[in-house]
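Analysis of the macromolecular model
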Amino acid sequence: MVDDWRAAARYGMPFGIGLAIFAGVIGLLNLFGSSSQFRALPYFWLMAAIICAFVAGFIAARVRGSFILGVDAGAVACA
């Protein structure tokens, strides 16, 4: 069971780190910039989170051959 979560973290963590950096950039832009210019960025982040969860889950499921591991990797990516 622990090995499954480690494998899920291995495939989902790079996507999660990318999403966290993207969210930080959006937060800084909204903090220092005009809010009217960057109003759509959170929606782009949400779309990126959905895509990253799907891709991380797909890669993990294909490599390990387990649908459950793919779901766990997608959850790690979005967590």
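The coordinates are above.
Below or above, wherever it landed, is the structure these notes cover. The structure displayed is predicted, hence computed values, not measured ones. (Residues numbered from 1 in each chain as written. Predicted model: local features only at pLDDT ≥ 70, side-chain atom pairs only at ≥ 80, totals over all residues. Heavy atoms only, no water.)

1. Focus on the nonpolar core
Test applied: Think of a nonpolar core as a cluster: buried Ala, Val, Leu, Ile, Met, Phe, Trp, Tyr and Cys residues, connected wherever their side-chain atoms sit within 4.5 Å. To sort residues, take the accessible area from a 1.4 Å probe on protein chains only and compare it with the maximum for the residue type: under 20% means buried, over 50% means exposed, and anything in between is partly exposed. Secondary structure elements are taken from DSSP: a helix is a run of H or I of four residues or more, a strand is a run of E of two residues or more, and numbering for both begins at the N terminus.
Counting seven residues, the largest nonpolar core consists of Ala 7, Ala 8, Tyr 11, Ala 60, Leu 69, Ala 73 and Val 76. Among the elements of the structure, helix H1 (2–32) and helix H3 (67–78) are those that each provide at least two residues to this core.

2. Concerning the packing of helix H2 (residues 41–64) against H3
Quick reminder of the rule: Axis definition: a line fitted to C-alpha atoms, limited for helices to the stretch in contact. Angles are taken between N-to-C directions and run from 0 to 180 degrees. Handedness of each helix crossing follows the sense of rotation of the near helix against the far helix: counterclockwise by less than a right angle gives left-handed, clockwise gives right-handed. In what follows, a contact means two residues having at least one pair of non-hydrogen atoms within 4.5 Å. Charged means Asp, Glu, Lys or Arg here, nonpolar means Ala, Val, Leu, Ile, Met, Phe, Trp, Tyr, Cys or Pro, and polar covers whatever is left, Gly included.
Across the interface, H2 lies against H3 with an axial gap of 7 Å and an inter-helix angle of 145 degrees. As for how H2 packs across H3, the hand of that crossing is right-handed. On H3, the residues touching Ala 49, Cys 52, Ala 53, Ala 56, Gly 57, Ala 60, Ala 61 and Arg 64 of H2 are Leu 69, Gly 70, Ala 73, Gly 74, Ala 77 and Cys 78. Split by residue class, the contact of H2 with H3 holds 10 nonpolar, three polar and one charged.

3. Structural notes on the environment of Ser 66
Looking at where Ser 66 falls in the secondary structure, it is placed in the loop between H2 and H3. Each C-alpha atom, one on Ser 66 and one on Asp 4, is 9.8 Å from the other, the two residues being 62 residues apart in sequence.

4. Concerning the packing of aromatic side chains
As a reminder of what qualifies: In this analysis, rings of Phe, Tyr and Trp, with Trp reduced to its six-membered ring, are considered paired at centre separations within 6.5 Å, and the interplanar angle assigns stacked below 30 degrees, edge-to-face beyond 60, and tilted for intermediate values.
On inspection of all chains with the given rule, the structure shows one aromatic pair. Ring geometry for Phe 54 versus Phe 58: centroids 6.2 Å apart, planes at 20 degrees, classification stacked. Placement of the pair is Phe 54 and Phe 58 together in helix H2, with a separation of four residues, close to one helical turn.

5. Some remarks on the environment of Val 71
Looking at where Val 71 falls in the secondary structure, it is placed in helix H3. You can call Val 71 partly exposed: its relative accessible area is 43%. Sequence separation between Val 71 and Phe 54 is 17 residues, and the spatial gap between their C-alpha atoms is 8.6 Å.

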